[in-house]
2 protein chains.
Amino acid sequence: MSAVVVACCQIALRVAEVEANRACAVAAIEDAAARGARVVVLPELVNSGYVFADRDEAAALAEPLDGPTVTAWAALARAHGLVVVGGVCERADGGTLRNTAVLVDRDGLRAAYRKAHLWDREVLAFAPGAEPPPVVATAAGRIGLVVCYDLEFPEWVRLPALAGAELLCAPVNWPRAARPPEGERPGEVVRVQAAASSNRMWIAACDRVRAERGVSWLGASVIVDPDGFPAAGPASEDDEELLLATCDLALARDKAIGERNDVLADRRPELYGSVAAHG
Amino acid sequence: MSAVVVACCQIALRVAEVEANRACAVAAIEDAAARGARVVVLPELVNSGYVFADRDEAAALAEPLDGPTVTAWAALARAHGLVVVGGVCERADGGTLRNTAVLVDRDGLRAAYRKAHLWDREVLAFAPGAEPPPVVATAAGRIGLVVCYDLEFPEWVRLPALAGAELLCAPVNWPRAARPPEGERPGEVVRVQAAASSNRMWIAACDRVRAERGVSWLGASVIVDPDGFPAAGPASEDDEELLLATCDLALARDKAIGERNDVLADRRPELYGSVAAHG
């Protein structure tokens, strides 16, 4: 049984309202579980919100990975047999702040990934991660983690694909940019589609909605199949939404296209030298 | 003056009809020049067609880079002040066959790029290239070259972007795959859109139309801007079409997004190790 229901909980959060944000996420996870989801993806920085006044505010909202937010998600994962992926404003060792995605399942915390590509004012609060996206073998399948702006770097998305991810989960906070031309999808969604098909893996990107201190969020959460087409979404650009898709994760184990080709085996990494820094 | 008119000549070619194919390409280039184009992109393997019976047939249709096809394009480039990019079935040194894209301008042949990622039965006829995509400083701007399946490897598209390409020209022969779901663009187009925006450069992909020995071509040629949105196309999936877009190539020199970010400078190549083979 490789088909699982994947959910993106596109919710509205409020900066600095930690209790309300936690309650909102818990309710969304329970709703997703009740509707059959086995993998539940939440947005980036769920506990804290995003638009911090300064680093001090972010620090005051941050919590360790054994804090109440991840603990609550792990309890829900255990109670309902879920995999939950979500973003946390993390206070790590020595007080370092991290923009982190966690994966919890019935065994508790399985992975914590620290966002490596920081967006805009995040550099004022967070230390960037220096480890590649983890890929976790779960009861639902092999799941990789990245966070928001990481998705914009095809080299980064390639790493979990090479490590065998069948589903890449991406908590995001996509700030709304200039409107795309009439009839066009937002570029964020297009790039998720391309990333999924270039790697023949599933990708679930879960965004938030509404505005926060003048920043408006795009919504448009999406679950994309290994052909690069939406299995669910893009979701509303205005409203909260529970996005659900039945995803046969085993499809992502087959990288063949046509009779002789394979999107990973056909790579020529010996020629890609200057894409990565050597030694 | 960094704005130039770029043309994709989406034409119908016929395998083995070398004279007819040459005449078709010449007519298309002249038409594009008459309509103001300064950069003219043709499909892959223009002289020969694509669906060879075997290597011997490809060898019989191949020509050297000083053969009649490239010579004719160079003459037109000189006469009309054009940059012409197109695909040639090349007989290289020692009889090696190459799936090659050339760039000619008023100074003649400026670059020849040998397709590095070969599709399907191409491996039976062609030796794959082992050099990265060239980027040529032309009167119209800095232009990079790749061929068809190369576009599916984000690492490969990144190389000319890092080398300063403002416009990436891609002669393609996109075989028509399963139809995309209703309302969706073909994946080939989506991936060109993503590649353009991930690198903030222009991309012009020129395909062919009609069927050849049972293989049907997708058409859907497209010229995409650095935001990832089509400036022209996708073209017809059935008919020949001259696609024209006025492209301000200088836009591609600015990689900034937002106040603090830059799609190239924000890369973390020191962490991308396993994307490229070291040593």
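Residues numbered from 1 in each chain as written. Chains lettered and ligands numbered in written order. Predicted model: local features only at pLDDT ≥ 70, side-chain atom pairs only at ≥ 80, totals over all residues. Heavy atoms only, no water.

### A look at helix α3 (residues 68-80) of chain A
All names here are of chain A.
And step 1. Relative to the 18 Å expected for 13 residues at 1.5 Å per residue, α3 spans 18 Å between its end C-alpha atoms, a close match to the ideal helical length.
And step 2. Looking only at α3, the buried set comprises T69, V70, W73, A74, L76 and A77. Along the axis of α3, the buried residues cluster in a sector spanning 160°; they form a single face.
And step 3. Where α3 is buried, its residues meet α1 (18-34), β3 (83-91), β4 (97-105) and β5 (108-114).
And step 4. Two residues or fewer past α3, G81 is found with a positive phi of approximately 65°. (Helix = DSSP H or I, 4+ residues; strand = E, 2+ residues; numbered from the N terminus. Expected span 1.5 Å × (residues − 1). Buried < 20%, exposed > 50% of the residue type's maximum accessible area, 1.4 Å probe, protein only. Arc of directions from axis to C-beta. Contact = heavy atoms within 4.5 Å.)

### What about the sheet that holds β3 of chain A?
Residue and element names in this part refer to chain A.
And step 1. Taken together, the six strands give an open sheet; going across it, the order is β5-β4-β3-β2-β1-β14, and neighbouring strands pair in mixed fashion. Pairing within the sheet leaves two strands with one partner each, and these edge strands are β5 and β14 (241-248). Here the average twist between neighbouring strands, direction ignored, is 25°.
And step 2. Pairing geometry for strand β2 (residues 39-41) and β3, over three bridges, is parallel. Note that in β3 the partner of V41 across the bridge is V85. (Pairing = 2+ DSSP bridges. Axes fitted to C-alpha atoms, helices over the stretch in contact; angles between N-to-C directions.)

### Things to note about unusual backbone geometry
And step 1. G233 of chain A connects to P234 of chain A through a cis peptide bond whose omega is 0°.
And step 2. Backbone geometry places A16 of chain B, a non-glycine residue, at a positive phi of 80°.
And step 3. Note on placement: A16 of chain B falls in the loop between β1 (3-10) and α1 (18-34).
And step 4. Of the residues examined, A16 of chain B reaches a relative accessible area of 33% and is grouped as partly exposed.
And step 5. Despite not being glycine, A220 of chain B shows a phi value in the positive range, around 60°.
And step 6. Relative to the helices and strands, A220 of chain B is located in the loop between β11 (215-216) and β12 (222-224).

### Structural notes on the environment of D262 of chain A
And step 1. Its location among the elements puts D262 of chain A in strand β16 (residues 261-262).
And step 2. In contact with D262 of chain A, not counting residues within four places along its chain, are K255, A256 and I257 of chain A together with Y149 of chain B.
And step 3. Of note is the side chain of D262 of chain A, whose polar atom sits 2.9 Å from the backbone nitrogen of L264 of chain A.
And step 4. A polar contact of 2.7 Å, which involves the side chain of D262 of chain A, links it to the backbone nitrogen of A265 of chain A. (Polar contact = N/O pair within 3.5 Å; in protein donor to acceptor, adjacent residues only side chain to side chain.)

### Examining the pairing of strand β6 (residues 135-138) of chain B
All names here are of chain B.
And step 1. Side chains V136 and T138 of β6 all project onto a buried face; the interleaved residues V135 and A137 project onto a face where none is buried.
And step 2. Alignment of β6 against strand β7 (residues 141-145), held across four bridges, turns out to be antiparallel. Directly across from V135, in β7, lies its bridge partner G144.
And step 3. Counted along the chain from β6 to the antiparallel partner β7, the turn is two residues long.

### Observations concerning the interface of chain A and chain B
How big an interface is tends to be reported as the loss of accessible area on association of its parts.
And step 1. Across the contact, 53 residues belong to chain A and 53 residues belong to chain B.
And step 2. Contact between chain A and chain B buries roughly 4400 Å² in total, counting both sides, with carbon and sulfur atoms accounting for 58%.
And step 3. Our count for the chain A to chain B interface comes out at eight salt bridges.
And step 4. When the shortest N-O distance is used, the salt bridge between E184 of chain B and R185 of chain A registers 2.6 Å.
And step 5. Remark: the boundary between chain A and chain B carries 26 residue pairs in polar contact (both at pLDDT 80 or more). (Buried area = accessible area lost by both parts, 1.4 Å probe. Salt bridge = Lys/Arg side-chain N within 4 Å of Asp/Glu carboxyl O.)

### Some points on the relation of the copies chain A and chain B
Two copies of a chain can be linked by a rotation about an axis combined with a shift along that same axis.
And step 1. By a simple turn and slide, chain A fits onto chain B: the slide is 0.0 Å along the axis, the RMSD is 0.0 Å, and the turn is 180°. Taken together, the rotation and translation describe the operation of a two-fold axis.
And step 2. Interface overlap between copies: 100% of the residues of chain A at the interface are likewise at the interface in chain B, consistent with a symmetric, same-surface contact. (Least-squares fit on C-alpha atoms with pLDDT ≥ 70 in both.)

### Section: the packing of helix α5 (residues 154-162) of chain A against helix α6 (residues 187-199) of chain A
All names here are of chain A.
And step 1. It is at 10 Å that the axes of α5 and α6 come closest, and there the two elements cross at 40°. As summarised for this structure, α5 and α6 are arranged oblique, according to the angle between their axes. Two packed elements cross with a definite hand, and for α5 against α6 that hand is right-handed. In contact with V157, R158 and A161 of α5, α6 contributes A195, S198 and N199. (Parallel < 35°, antiparallel > 145°, perpendicular 65-115°, else oblique. Left-handed = near helix turned anticlockwise from the far one by under 90°.)

### Details of the nonpolar core
And step 1. Of all hydrophobic cores here, the largest spans 150 residues; its most connected members are V39 and L151 of chain A together with V39 and L151 of chain B.
And step 2. If sequence neighbours within four positions are ignored, L151 of chain B has contacts with V146, V157, L168, A170, V172, W174, V192 and A205 of chain B.
And step 3. Residues C24, L65, V88 and L242 of chain B belong to the second largest nonpolar core, which totals 27 residues. (Core = buried A, V, L, I, M, F, W, Y, C linked by side-chain atoms within 4.5 Å.)

### Things to note about the environment of V18 of chain A
Residues and elements named next belong to chain A.
And step 1. With respect to the secondary-structure elements, V18 resides in helix α1.
And step 2. Distance in space between the C-alpha atoms of V18 and C148 is 21 Å, their sequence separation being 130 residues.
And step 3. In contact with V18, not counting residues within four places along its chain, are N47 and L61.

### Remarks on the confidence of the model for chain A
And step 1. Residues of chain A with pLDDT of at least 70 account for 99%, and the chain-wide mean is 97.
And step 2. Both scores are given for the predicted complex: the pTM is 0.98, the ipTM 0.97. (pLDDT = per-residue confidence, 0-100.)

### Quick notes on the environment of A37 of chain B
Residue and element names in this part refer to chain B.
And step 1. Turning to its location among the elements, A37 is positioned in the loop between α1 and β2 (39-41).
And step 2. When the C-alpha atoms of A37 and L167 are compared, they prove to be 14 Å apart, with 130 residues separating the residues in sequence.
And step 3. Apart from residues lying up to four places away in sequence, A37 is in contact with V5, A7, A32, L82 and L244.

### Quick look at empty space enclosed by the protein
And step 1. The final tally for this structure, using the stated rule, is two cavities of 30 Å³ or more.
And step 2. In this structure, the largest cavity encloses a volume near 230 Å³.
And step 3. Residue lining of the largest cavity: 21 residues in total, with P154 and S198 of chain A together with P154, A194 and S198 of chain B positioned closest to the centre.
And step 4. When residues of the lining of the largest cavity are traced back to their parent elements, those giving at least two are α5 and α6 of chain A together with α5 (154-162) and α6 (187-199) of chain B.
And step 5. Per-class residue counts for the lining of the largest cavity are 11 nonpolar, four polar and six charged.
And step 6. Looking at the second largest cavity, the residues that line it are L151, E152, E188, R191, V192 and A195 of chain A.
And step 7. Per-class residue counts for the lining of the second largest cavity are three nonpolar, no polar and three charged. (1 Å grid on protein atoms, 1.4 Å probe; cavity = no way out; pocket = protein on both sides within 12 Å on 5 of 7 lines; lining within 4 Å. Points joined across faces, edges and corners; volume = space filled by probe spheres on them. Nonpolar A, V, L, I, M, F, W, Y, C, P; charged D, E, K, R; others polar.)

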